[in-house]
Amino acid sequence: MSDRTPHTPGFHPVVETQSSNRTVAREGVRGNGGEIHQRSEDGQWMTTAQGAPVSDNQNTLRAGGRGPSLLEDFAMREKIFHFDHERIPERVVHARGYGVHGYFETTSALSDVTAAHLFQEVGRRVPAFVRFSTVAGNKGSMDLARDVRGFAVKLYTEEGNWDIVGNNIPVFFIQDAMKFPDLVHAVKEAPDRAFPQAQSAHDNFWDFISLMPEAMHMVMWQMSDRAIPRSFRFMEGFGVHSFRFVNAEGKGTFVKFHWKPKQGLQSVLWDEAVKINGADPDFHRRDMWTAIENGDYPEWDLAVQLFDDEFANRFAFDILDPTKIIPEEEVPLQVVGRLVLDRNVDNFFAETEQVAFCTQNIVPGVDFTNDPLLQGRNFSYLDTQLKRLGSPNFTHIPVNAPRCPMHHFQQDGQMQTRGPSGRANYEPNSWASGGPRADPASGHRSFPEEIGGEKRKVRSESFADHYSQARQFYISQTEIEQRHIAQALVFELSKVETPEIRVRLVGHLPHIDETLASRVAEGLGLDAVPAAHEPAVVPDTGLPPSDALSILKNGPASFKGRKLGILMTEGIDDDLLEALTTAFTNEGAMVERIAPHVGGITTGQGKRILAHHKIDGAPSVLFDAVAILSNDAGTVQLEEMHPAHCFVADAVAHAKFIAYTPEADSLFLTADPSSDGGMFALTTGDDVDAFLTACRGLRFWDRLS
Ligand code: HDE
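Worth saying up front: this structure is predicted, and the values here are computed from it rather than measured.

### Section: the coordination of the iron atom of the ligand
One donor from the polypeptide reaches the iron atom of the ligand: Y381 (OH), at 2.0 Å. The topology assignment puts Y381 in helix α9 (residues 372-389).

### What about the domain arrangement of the chain?
The assigned domain composition of the chain is domain 1 (74-400) and domain 2 (561-704). Domain 1 and domain 2 are separated by 37 Å when their C-alpha centres are compared. The interface is formed by 18 residues belonging to domain 1 together with 17 residues belonging to domain 2. Each partner contributes to the roughly 1,300 Å² buried at the junction of domain 1 and domain 2, and carbon and sulfur atoms together form 56% of this total. Sorting the residues of domain 1 by area buried against domain 2 places Q266, L269 and E272 first, and these three jointly supply 35% of that buried surface.

### Observations regarding the packing of aromatic side chains
Ring pairs (aromatic) are described by centroid distance and by the angle formed between their planes. Counted by the stated rule, this structure contains 29 aromatic pairs. Relative to W300, the ring of F151 lies with its centre 5.5 Å away and its plane at 90°, an arrangement referred to as edge-to-face. Placement of F151 in strand β3 (residues 149-157) and of W300 in strand β8 (residues 299-307) is noted, with a sequence separation of 149 residues between them. No difference in accessibility class separates F151 from W300, as the two residues are buried.

### Comments concerning the environment of L505
Along the chain, the position of L505 falls in helix α12 (residues 499-506). Judged by its relative accessible area of 0%, L505 falls in the buried class. Discounting chain neighbours no more than four positions away, the residues touching L505 are W206, I209, S210, M216, L489 and L493.

### Points about the site of the ligand
Neighbouring the ligand are 22 residues, the closest being R91, R131, R377, Y381 and Q385. R377 is positioned with one of its side-chain polar atoms (N or O) 3.3 Å from a nitrogen atom of the ligand. Secondary-structure elements contributing two or more residues to the shell around the ligand are β3, β4 (160-167) and α9. No other element matches the six residues that α9 contributes to the shell around the ligand.

Conventions and cut-offs
Residues numbered from 1 in each chain as written. Predicted model: local features only at pLDDT ≥ 70, side-chain atom pairs only at ≥ 80, totals over all residues. Heavy atoms only, no water. Donors = N, O, S within 2.8 Å, 3.2 Å for Na, K, Ca; no water. Helix = DSSP H or I, 4+ residues; strand = E, 2+ residues; numbered from the N terminus. Domains from an automatic or database assignment. Contact = heavy atoms within 4.5 Å. Buried area = accessible area lost by both parts, 1.4 Å probe. Phe/Tyr/Trp six-rings, centres within 6.5 Å; stacked < 30°, edge-to-face > 60°. Buried < 20%, exposed > 50% of the residue type's maximum accessible area, 1.4 Å probe, protein only. Near = heavy atom within 4 Å. Polar contact = N/O pair within 3.5 Å; in protein donor to acceptor, adjacent residues only side chain to side chain.

Structure follows, in structure tokens:
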């Protein structure tokens, strides 16, 4: 280590975060333990957290070469002390998540309905941080669990942080916060055996749900493909509750928030989800990271549904009930802004793990409603942040700190980093430099709603209809999506060991749809559809379908941002590979090559092409569409490889668009590629266009019908 860059005596730069090392460090010298020291190119000194230079990071100070370690080795003790304290409690729900930075920009002013600074004029832009998550799984669980996805947005506005802590599903399981611990206990691992993790396919969950008719609308969404999104980039977000906008004159307007992905909606099949979890448990976080590193920034429109008391009074359901939507056909969506995610975090823990969302973080011009779930959430999030982050000063952590000035008299507490200066730490005071004062004119003011009524533990009767919108959701789906809902219910209930729970759950389905009920009953091997449970109110079977509720009716318009996997073998045609790659890259797609060896192949024209994956590690479930480029010899080689068979068979079974060289024909054991409208023979580069055009759709569903 003799060629260290010199440093200024007495000053050692504090380096707390390292930039990601994309280049490999140079080969270096051997230490006395035989370890290889590779010197990084930035030439930084290692120090303790106190800044003292470290002379040896491999060996503890000891008395003699084979003697006891000495406690006075402060560098070693500090290093291990810090390591021992690396973990903080994981979130009790939404533990597994992934955060990204970006910005929000107003595209349509709303100054007539809200005083929020952000919406006063077009073009106002604020930084944003978004954390996507699953709900039930622990921090290390897999990404493709069947689950609701969290979609939590923190907007760093000029008037404070505004958190819209939403989900990718616009309704929730329960109507009152009081039930939340039960719901979460039921879905998470059982307390005695600590399994099953990250899944709802078990007795406790369906026992609870089958006893809670209010969950039935949410259950339809959860059993739909919404709960197995292709990626965070292809899903919607919803604020769920009705909120209120308040304008400068104090007039209130109800509002629901929707995030609409410009990328379109896309989900995977359940069989794919199961296999992706094995092949790449980090599929969703990898997808987001890679898209952003590639400069392919995902974008969502923020759309609002605005409505007044008159609408609220005549709407068939209670706008305070979080198990209900307001169909877009009844209150159209108004796009008012866009959210662009364009920067990955520098440090996952500092940002994604420590970000503290709170539903009660709102700004002037925004207010709550009496939705009992929202009210309960407003109590909960501060508590959870104190528990997780250990200090009321969690707002001092950069990802949680507002980007606007803050002035208050809060002081002290663990990890305080910016207490008020000067003498005044109370108010009122009469000091000339007396610090901040509340501002009645521009401070946050609640909507002056009149409140009255008896103090009782009660649920309003206006919350009693549990099936009508569940049915509306179901009939809004395409036939393929309806089939998936039935299959999901059959799968989940087949994992339930107690027959009575299965039957009890199926007893809710006739209120939603008779065909669904009989499909599920048949799938479970029940003799007949059980008698329907007595509903609290008779469901309205006349609600019209809404196209906005279907994924397949709102799919992507291009292959941009999606992924093509090319399985290639030795000696294939250079021009064909080139034409395929260029066409898809020009579309804005990601292209990854798979080969029998990760070292790649040599084309017929003698060009060496590296592979991104060895076939065993890249099953076709990781790609939106696949191409199989092989010549006769290559096909013989692939025929002997089980992963190659699975690659092809799964792509066929998952209704993917598939391109293939005619020599690869014999790899299709379960389909005839020449008569399948979703398969494209590639002989020359001219054939690529038709394949790409087809891939702009989602899947070749006809193959499955
Ligand atoms: Fe949450 N929820 N929640 N929740 N929630 C948390 O806060 C809670 C609910 C949602 O990426 C916790 O920081 C209660 C609905 C998201 O960091 C906790 C109730 C919706 C996230 C909490 C609900 C959500 C959370 C756990 C019933 C959709 C992840 C860690 C009244 C609208 C935020 C944390 C992130 C996280 C409580 C119901 C969304 C314990 C009591 C409904 C996206 O405070």
